[in-house]
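# Analysis of the macromolecular model
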Amino acid sequence: MAQIVRTDNESDPRLDDFRDLSTADRRPDRPGGRGLVIAEGTVVVRRLLASAYPPRALLGVERRIGELAPELAGVPVPAYVTSAEVMAAVVGFHLNRGVLAVADRAPQPDVDEILARARVIAVLEGVGDHENLGALFRNAAALGVDAVLLGAGCSDPLYRRSVRVSMGNVLRVPFAALTPWPSGLERVRAAGFRIAAMTPGADAVSLREVASGGGRTALLLGSEGPGLTAEALASADVAVRIPMSEGVDSLNVATAAAVAFYELAAAVN
């Protein structure tokens with residue numbers, strides 16, 4: 001069971017995992033980064049505690065730690081209880097959600113392991129916005145996408161903002177880096193996937209038409225601004241688009257992904 005520890009000292013060294021998160025919650029290879037996984041709010045903390053990511057500690061106001069009592073019953077880590085003011089001083093900003101958890105990273109699955117088990121996957125190129133990436137993972141979890149592969153230029157799915165926006169679903173949806181890029185797409189094709197590249201181009205075919213064919217599909221999605229590179233598009237088996245009303249040429253990448261995931265899931269099921 002978690003050990004409940006009261007502290008009102010913002011300099012308490014036991015809270016160092018939570019300190020100055022605006023600069024410290026980065027990948028280990030970035031300046032100041034410790035590479036920890038950080039969950040905010042009771043919903044996301046519950047998902048972290050139920051995930052494969054080994055928890056290190058929690059920090060929260062008494063009410064929020066109390067709400068997590070059932071989940072903490074089997075978790076042998078400290079849960080530090082303090083005031084909202086001390087939390088803000090430690091974290092570096094005011095936290096409306098009232099509770100944080102930190103965990104170590106878990107080993108990510110091998111790309112070939114993912115491909116062997118999946119029927120529908122998302123493959124991303126250049127998705128660098130943390131909120132879009134988090135929203136995309138949330139959509140993937142909700143709409144039956146089995147895994148996400150990350151190509152060149154993608155941000156870290158385990159960055160705090162991505163974890164928060166995904167509502168913890170980056171901790172549930174398997175993901176791995178696909179390298180080298182874009183030649184790594186040949187591994188996806190060799191595993192029996194048809195690679196469908198999302199683009200607003202007029203020569204692309206309707207996504208629904210492609211989805212209706214069934215089969216194992218890898219949906220290739222590009223960056224928020226320019227979209228997929230010419231090299232990635234050339235590596236796909238088919239270019240697909242979402243038909244839109246006149247005057248609108250594209251959607252936010254997470255929104256477009258949700259529409260595409262729904263179509264693909266409907267075809268598979």
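Keep in mind that this is a model prediction, so the values were computed, not measured.

### Observations regarding the packing of aromatic side chains
Under the counting rule described, the total for this entry stands at one aromatic pair. Between Phe 137 and Phe 175, the ring centres sit 5.7 Å apart and the planes meet at 85°, which makes this aromatic pair edge-to-face. Here Phe 137 is found in helix H7 (residues 130–142), whereas its partner Phe 175 is found in strand S8 (residues 175–177), with 38 residues between them in sequence. You can call Phe 175 buried: its relative accessible area is 6%.

### A look at unusual backbone geometry
Keep in mind that most residues, glycine aside, have a negative phi and that most peptide bonds are trans. Put simply, Thr 179 and Pro 180 share a cis peptide bond, and its omega is -10°. Cis geometry is adopted by the peptide bond preceding Pro 182, which originates at Trp 181 and carries an omega value of 0°. Tracing the chain through its elements places Pro 182 in the loop between S8 and helix H9 (185–190). The residue Asp 20 is not glycine, and still its phi comes out positive at about 50°. Following the sequence through the fold, Asp 20 ends up in the loop between strand S1 (3–6) and helix H1 (21–24). Backbone geometry at Met 167 places phi at a positive 60°, although glycine is not the residue there. You can see Met 167 is positioned in the loop between helix H8 (160–165) and S8.

So, how was this worked out
- Residue positions are counted from 1 within each chain, in the order its sequence is given.
- Two thresholds apply to this predicted model, a pLDDT of at least 70 for residue-level local features and 80 or more for giving and counting side-chain atom pairs, whereas whole-chain, interface and lining totals are computed over all residues.
- Side-chain measures were taken over the full set of non-hydrogen atoms in the model, leaving aside hydrogen atoms and water.
- Here the aromatic set is Phe, Tyr and Trp, taking the six-membered ring for Trp, and pairing holds for ring centres within 6.5 Å; pairs whose planes are under 30 degrees apart are stacked, those over 60 apart are edge-to-face, and all others are tilted.
- The secondary structure listing takes helices from DSSP runs of H or I that are at least 4 residues long and strands from runs of E that are at least 2 residues long, numbered from the N terminus.
- Whether a residue is buried, partly exposed or exposed follows from its accessible area with a 1.4 Å probe, protein chains only, as a fraction of its type maximum: under 20%, in between, or over 50%, in that order.

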